[in-house]
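Below are the chains, spelled out letter by letter.
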Amino acid sequence: GRDVAALLAAAREMRRSHESIGGFFRVGHRAGAPTLREALVSFVDRALDRNLSAFYRRRPAAGQGIRFLLPSPREGSGCKRLNLYLRWMVRKNDAVDLRIWNGISPGQLLMPVDTHVARIASYIGLTDRKSTGWGMTEEITASLRELDPRDPVRYDFALCRLGILDACPRRRDPVKCAACPLQPVCRL
């Protein structure tokens, strides 16, 4: 509860100082940057600089307290929740995404990597990494950027959904694999 309260207090301060969380985020955004990595680092650093002394005696270590909710690429985190949030705020308005933040290019977004995306991406050669940290996030995004440089994250739902539905097994399954649309490129 304390960590969620600290996150909400930080969000309140972002809104007070910049009228919105998007306005706060854009302070660290550079339109010409290839990705949002540095904007994320800036966002997290500035969010953690908010007055959180009511919640913590000292700043929590990486991965603990509010820093679990606001991880940084600088520390190697894949930042799945933050990248997913950015996707919702930046990508075109469709059945999933809202596009309520203007001025940020979908081409700068990074793939929200979870266990499902990591597994499927590994099977089809988008990454050779084993850890779901920042390196894997950048590698998968770079691979997808070759397919669509203007919106590499557009493949997020398709990759994640295959894993969630267990349509793509962890071990080769002749029946499931034969019916899989990714079978021609699968390395499993």
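Residues numbered from 1 in each chain as written. Predicted model: local features only at pLDDT ≥ 70, side-chain atom pairs only at ≥ 80, totals over all residues. Heavy atoms only, no water.

Colleague: Which residues make up the overall build of the protein, and what are the values?
Modeller: Broken down by element type, the protein carries nine helices and zero strands. Seen in sequence order, the protein has helices and strands lined up from the N terminus as α-α-α-α-α-α-α-α-α. Computed over C-alpha atoms, the radius of gyration of the protein comes to 18 Å, within 12% of the 16 Å expected from 2.2 N^0.38 for 188 residues, which places it in the range of a compact globule. Each of the three principal axes of the protein carries a C-alpha extent, and together these read 55 × 35 × 25 Å. Within the protein, counting contacts between residues at least 6 apart in sequence, those at least 24 apart form 58% of the total. Taking the average place of the 32 positive charges on the side chains of the protein and the average place of its 19 negative ones, the gap between the two points comes to 3 Å. (Helix = DSSP H or I, 4+ residues; strand = E, 2+ residues; numbered from the N terminus. Rg over C-alpha atoms; globule rule 2.2 N^0.38 Å. Contact = heavy atoms within 4.5 Å. Lys, Arg positive; Asp, Glu negative; His and termini not counted. Charge placed at Lys NZ, Arg CZ, Asp CG, Glu CD.)

Colleague: Could you give an account of the side chain of Gln108, naming the residues involved and the relevant values?
Modeller: Inspection of the secondary structure assignment puts Gln108 in the loop between α5 (80-90) and α6 (115-123). Assessed through its relative accessible area of 3%, Gln108 is described here as buried. Setting aside chain neighbours within four positions, we find Gln108 in contact with His29, Arg30, Ala31, Ala33, Pro34, Thr35, Leu36 and Arg145. (Buried < 20%, exposed > 50% of the residue type's maximum accessible area, 1.4 Å probe, protein only.)

Colleague: Quick rundown of the packing of helix α3 (residues 37-48) against α5? Include the residues and the values.
Modeller: The geometry of α3 relative to α5 is characterised by a closest axis approach of 12 Å and an angle of 110 degrees between their N-to-C directions. For the element pair α3 / α5, the angle class is roughly perpendicular. For α3 against α5, the interelement crossing comes out right-handed. For the pair α3 and α5, the contacting residues are Leu40, Phe43 and Val44 in the first and Leu82, Asn83 and Leu86 in the second. A class-by-class count of the residues in the contact of α3 with α5 yields five nonpolar, one polar and no charged. (Axes fitted to C-alpha atoms, helices over the stretch in contact; angles between N-to-C directions. Parallel < 35°, antiparallel > 145°, perpendicular 65-115°, else oblique. Left-handed = near helix turned anticlockwise from the far one by under 90°. Nonpolar A, V, L, I, M, F, W, Y, C, P; charged D, E, K, R; others polar.)

Colleague: Please set out the packing of α6 against helix α8 (residues 156-164) residue by residue, giving values where relevant.
Modeller: Two elements in contact, α6 and α8, have axes whose closest approach is 8 Å; the angle formed by their N-to-C orientations is 95 degrees. With respect to α8, the axis of α6 lies roughly perpendicular. Here α6 contributes His116, Val117, Arg119 and Ile120 to the contact with α8, which in turn contributes Asp156, Leu159, Cys160, Leu162, Gly163 and Ile164. Its residues assigned to classes, the contact of α6 with α8 shows six nonpolar, two polar and two charged.

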